[in-house]
Every structure is written in C-alpha cells, then in structure tokens.
Amino acid sequence: MSNSMWGGRFAEGPDAVMEEINASIDFDSRLYAQDIAGSKAHARMLAETGVIGAEDAENIIAGLDEILREIEAGQFVFKRSLEDIHMNVEARLAELIGPAAGRLHTARSRNDQVATDFRLYVRDWIDHVDAALADLQRALAERALDHAAVVMPGFTHLQTAQPVTFGHHLMAYVEMVGRDRGRFADARRRLNECPLGSAALAGTSFPIDRAMTARLLAFDRPTANSLDAVSDRDFVIETLSATSIAAMHLSRFAEEIVVWCSAPFGFVRLSDKFTTGSSIMPQKRNPDAAELVRAKTGRIVGALNALLIVMKGLPLAYSKDMQEDKEQAFDAFDAFVLAVAAMTGMVRDLEPDPKAMKRAAGGGYSTATDLADWLVRGLGMPFREAHHVTGRIVALAAATNRPLERLSTEELQGVDQRITEEVHSVLGVDRSVKSRTSYGGTAPNNVRRQARRWLKQLGPANG
C-alpha cells in the first residue's frame, strides 16, 4: 500500500528496510510539544491572513490540543509507518477533524517544520539546563563559603605548588560554570529565529505573515533566508559545542573527586549516596558517580563530532542526512543533564578532611614562593636572586628532611646572612594563604567575598 500522505506520486509502499532506515518517530516523538505548538501558531497565522477559514483554524487548534492531551496521557499510538512526529500528528488530526486537517500544511513543508520544532526544543533545553547549572554554582559557592579557610595543596603538573584553600578551589568551578552558562545564553540568542514559512527551501507564494508566527512562538524574528533556514543545523552544533565545553569542566572536577577520594590523598569522602561497593572486595567505596560524569563527556563530545561530520559535505538545501541531527543530540543533552545533577549532588554530599588537606599542603616545600617573596619584599633582593637563594634553602631542608618552617634562623643565615627572624612569619601554610590578598587570590576573606557575591547574584534556589 502506498503512503497516503504522499498523494499520487508513489504507487507502492516502501520496502521494509527502507521503512526501517527512514523512520525517525522512535526518537523525534519527543518533539511532540514543540511540533504541536508550531502547528497551532501556523494555523492561527493562516486564518489571520485569510489563507484558511477561521472555522477550520479553530477546529485544527482544538484537534491539536486533543492530540497533546492524548500524548501526555500516554494514549497516543505512534506509528513507524508514518515516519516522523509531523506525519503522526497530522494523521491523527485527520482522524479527529476530517478533511480540514489537510489545510494545516498549507504554506509550509516538513523541512521548515522540523527546523522550527528543533529550534524550539533546543531553546527549551537550554532554559532547563541553565537552571540546573545555576544550582550547581549555588552548591559550589555554598560549600566554598563553608570551607573558605580550609587549607589544601594547590597543584601544577599534579605536583604540590602552593597552598590554597578548598573554598578557593571550589570557586574556580563557579567561574567556569558561569562562562558555560554564558555560552549557552549566546547560543540561545543566535538560534532564536523562526524558520516557519520558509517551506521546502524557496518560501511560499501564499500571503503569510512570518513575523506573526515568530511572535506567537516567542522567537525574536523570522529567519531572513529560506535556504539557510531549512538547511543549517549550526544552532544544534553550537549548543553541542557549549555542552561539550561544560561537560569537559564537569569531567575535570570529577577527575579531581576521584583522586581526592583515593587512599593516598584522602582529601574528601563521599557518602553511600554517590558511591558503590565491590562484588569481591568488601572494603571498597568506589566514586562511581564521579567516574560516570567523567565518562559521559566522551558521549557528549562524540555527538558534537558526529553532527559536524554529517553536515560538513551537504549542499544546500535540505538532505535526508539531516535526520541524523537529533538522535545523538538528544542522547548528549540527556547525558549532560544527568551529569550536572550528579555533580551537584556530589558537591553537596562530599565532606573534606581538613587535617589531610593541610598535611598535604605543607608537603613539597609549598611555601617556597612565600620565602622568595619575603626576600624581595623584606630584603630588597631582585626576584631572580631571591629565587636562587630560596632554591638553596629548599635544598638544605630536603637534605635534612624537614619542612622550611623547621629550619632555624641561624641555618637560614648560613645560606644568606641578611635573613632575619621575621622570615618565619611567612613560612606556614595558614600564613601563606592569608597573605594572598590580591584580587582573585586564595585568601579566605577573598573567597568569602566572592562566594557571597555569587550567592547574591544567583539568588535562592527555585522550589
């Protein structure tokens, strides 16, 4: 049997393999709300411009509302033979209101319809994920305020570098997530143009009002070029790019949580809520939630790469290749939302071990830079000379297996006789972090100010 939606051009139905490869309803059914919203706006515009009658438009809108109710109640039967969400909705509309349903597709194509649906979906998703990321920032800032003075080692090359505070470390991710939210906001602003009315590729001869449909769907404006409107997916690519960068930030933090939970570090502990055990080793507490956040980044970046590769060789305008724009994007979006929720939960759940952190912060001669800075500030040495003197002092401490603060003034004067007792005021890790008062530095008062600023900006959690 031929597909009745195609009219008279096709006398036979598709081969089973063709139906299998061509159908997208298994994944694009999630566009139902956006598809129905777009169709309702289109019907209203067609009636307003006199392309269809007001009574037909009212019947169409009422039928679409009934379809929305059926889908949300789980009573709608999606048919793979009808290929996609558009055909499924239109076929059901015809069952509900009869021939008037056929007027809905006047002055549009599935090409501009799916482009509109997908823009609406991505816009809705960005709004949802922005709220989730704001909640993650809130959790990080709250914990940073709680632990603004907890000293921990700061690392470069994963080697102990200088003491910082745990709160300062958490606030670094608040800043990263803030930029992530900015990238999503930029993507949302650029995608917020309405393709509806571009039809298949060339526009339409019907006297439609594209500004009206754009307004009804809360777009900023209609798209300016019908070829571009139906044939590009850069709005998805840009959103996946922003998602990939944000997922990379989550993955970096997840990696740190995994390291911090390990026995050699012991910096933090996650509760049973975010860890699992071993089937053979009863002592194990595995940070699986963090590991899975780290792994999901691969899926998200893979979706970005896949869509770039799909699109890179397509001539204008629409090609069926573009059906492959959704499935991996949906998967990436779902994976990212789950990763954000897991990371937010872990941030609120993890408990630092201040003693372990402070003990590690004092290792590796992490206050050597403080010593060099004191030689510059207190004795007027050029920094390069101070660097050299400090290196000799570190060598002395290492030779006797002592931290810098355990060296006597006399021993320090054996390296450079100008050194005074005052040098000991800068050698402890607590003194070190308190001295880092430059804007953006790790001093506890700095951290508290930044955390409070962000919490005020973010406002209370919704719900």
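Okay, so let's go over this structure.

## A word on the overall build of the protein
Secondary structure assignment for the protein yields 18 helices and 6 strands. Computed over its C-alpha atoms, the radius of gyration of the protein comes to 30 Å, more than 25% above the 23 Å expected for a compact globule of 463 residues. Taken along its principal axes, the extent of the C-alpha atoms in the protein is 100 × 55 × 45 Å. Per-residue burial for the protein yields a buried fraction of 48% across its 463 residues. As presented, the protein carries roughly 22,200 Å² of accessible surface, and 52% of it is formed by carbon and sulfur atoms. Across the protein, 54 positive and 61 negative side-chain charges occur, with their mean positions spaced 7 Å apart.

## Points about unusual backbone geometry
Leu316 connects to Ala317 through a cis peptide bond whose omega is 5 degrees. When you line up the elements, Ala317 lands in the loop between helix H11 (288-311) and helix H12 (327-349). At Glu83, a position not held by glycine, the phi torsion is positive, near 75 degrees. Tracing the sequence through the fold places Glu83 in the loop between helix H4 (54-72) and helix H5 (85-97).

## Some words on the pattern of salt bridges
Per the stated rule, a full pass over the model turns up 31 salt bridges. Here Arg92 and Glu95 are joined by a salt bridge, their closest N and O atoms 3.0 Å apart. Taken together, the positions of Arg92 and Glu95, both in helix H5 and 3 residues apart, correspond to about one turn of that helix. Residue classification places Glu95 among the exposed residues on the basis of a relative accessible area of 53%. A single network of salt bridges, built from pairs that share partners, joins Glu70, Lys79, Arg92 and Glu95.

## Structural notes on the nonpolar core
The biggest cluster of nonpolar side chains holds 94 residues, and the ones touching the most others in it are Phe166, Phe184, Leu240, Phe253, Phe336 and Met343. Excluding its chain neighbours within four sequence positions, the residues that come into contact with Phe166 are His147, Val150, Met152, Trp260, Val268, Leu350, Pro352 and Met357. Of all hydrophobic cores here, the second largest spans 18 residues; its members include Ala368, Trp374, Ala386 and Val389.

## Focus on the packing of helix H10 (residues 234-261) against H11
Helices that pack against each other are described as a pair by the angle of their axes relative to one another and the distance between those axes. Between H10 and H11, the shortest axis-to-axis distance is 8 Å and the interhelical angle comes to 160 degrees. Viewed along their axes, H10 and H11 adopt a mutual orientation that is roughly antiparallel. The element H10 and its partner H11 pack so that their crossing is left-handed. When its residues are assigned to classes, the contact of H10 with H11 shows 18 nonpolar, 5 polar and 3 charged.

## As for the layout of surface pockets
When its volume is computed, the largest pocket comes out at roughly 350 Å³. Lining the largest pocket are 16 residues; nearest its centre among them are Phe155, His169, Tyr173, Glu256 and Trp260. Going through the elements one at a time, strand S1 (151-156), helix H7 (166-191) and H10 are the ones with two or more residues in the lining of the largest pocket. When the residues that make up the lining of the largest pocket are grouped by side-chain class, the tally is 10 nonpolar, 3 polar and 3 charged.

## Considerations on H5
For H5, built from 13 residues, the straight-helix expectation of 18 Å at 1.5 Å per residue is met to within 8% by its first-to-last C-alpha distance of 18 Å. Of the residues making up H5, those classed as buried are Ile85, His86, Met87, Asn88, Val89, Glu90, Ala91 and Leu93. Where H5 begins, the side chain of Asp84 points an oxygen toward the backbone nitrogen of His86, at a separation of 3.1 Å. One or two positions beyond H5, positive phi appears at Gly98, with a value near 85 degrees.

## Describing the environment of Arg143
When you line up the elements, Arg143 lands in helix H6 (residues 110-146). Separated by 206 residues in the primary sequence, Arg143 and Asp349 place their C-alpha atoms 9.9 Å from one another. Among residues more than four places away in sequence, those in contact with Arg143 are Leu170, Val347, Arg348, Asp349, Leu350, Glu351 and Pro352. Within the structure, Arg143 has its side chain in polar contact with the backbone oxygen of Arg348 (distance 3.2 Å).

## With respect to empty space enclosed by the protein
Inspection of the entire model under this criterion finds 4 cavities of 30 Å³ or more. Volume-wise, the largest cavity comes out at about 50 Å³. Lining the largest cavity are Asp35, Ser39, Leu64, His86, Val89, Glu90, Leu104, His105, Arg108, Arg110 and Gln113. Put simply, the parts of the chain that give the lining of the largest cavity at least two residues each are helix H3 (32-48), H5 and H6. It is H5 that contributes the most residues to the lining of the largest cavity, 3 residues altogether. Across the lining of the largest cavity, the residue classes tally to 3 nonpolar, 4 polar and 4 charged.

Each value, and the rule that gives it
Residues numbered from 1 in each chain as written. Predicted model: local features only at pLDDT ≥ 70, side-chain atom pairs only at ≥ 80, totals over all residues. Heavy atoms only, no water. Helix = DSSP H or I, 4+ residues; strand = E, 2+ residues; numbered from the N terminus. Rg over C-alpha atoms; globule rule 2.2 N^0.38 Å. Buried < 20%, exposed > 50% of the residue type's maximum accessible area, 1.4 Å probe, protein only. Areas by Shrake-Rupley, 256 points an atom, 1.4 Å probe, with all protein chains shown as cover. Lys, Arg positive; Asp, Glu negative; His and termini not counted. Charge placed at Lys NZ, Arg CZ, Asp CG, Glu CD. Salt bridge = Lys/Arg side-chain N within 4 Å of Asp/Glu carboxyl O. Core = buried A, V, L, I, M, F, W, Y, C linked by side-chain atoms within 4.5 Å. Contact = heavy atoms within 4.5 Å. Axes fitted to C-alpha atoms, helices over the stretch in contact; angles between N-to-C directions. Parallel < 35°, antiparallel > 145°, perpendicular 65-115°, else oblique. Left-handed = near helix turned anticlockwise from the far one by under 90°. Nonpolar A, V, L, I, M, F, W, Y, C, P; charged D, E, K, R; others polar. 1 Å grid on protein atoms, 1.4 Å probe; cavity = no way out; pocket = protein on both sides within 12 Å on 5 of 7 lines; lining within 4 Å. Points joined across faces, edges and corners; volume = space filled by probe spheres on them. Expected span 1.5 Å × (residues − 1). Polar contact = N/O pair within 3.5 Å; in protein donor to acceptor, adjacent residues only side chain to side chain.

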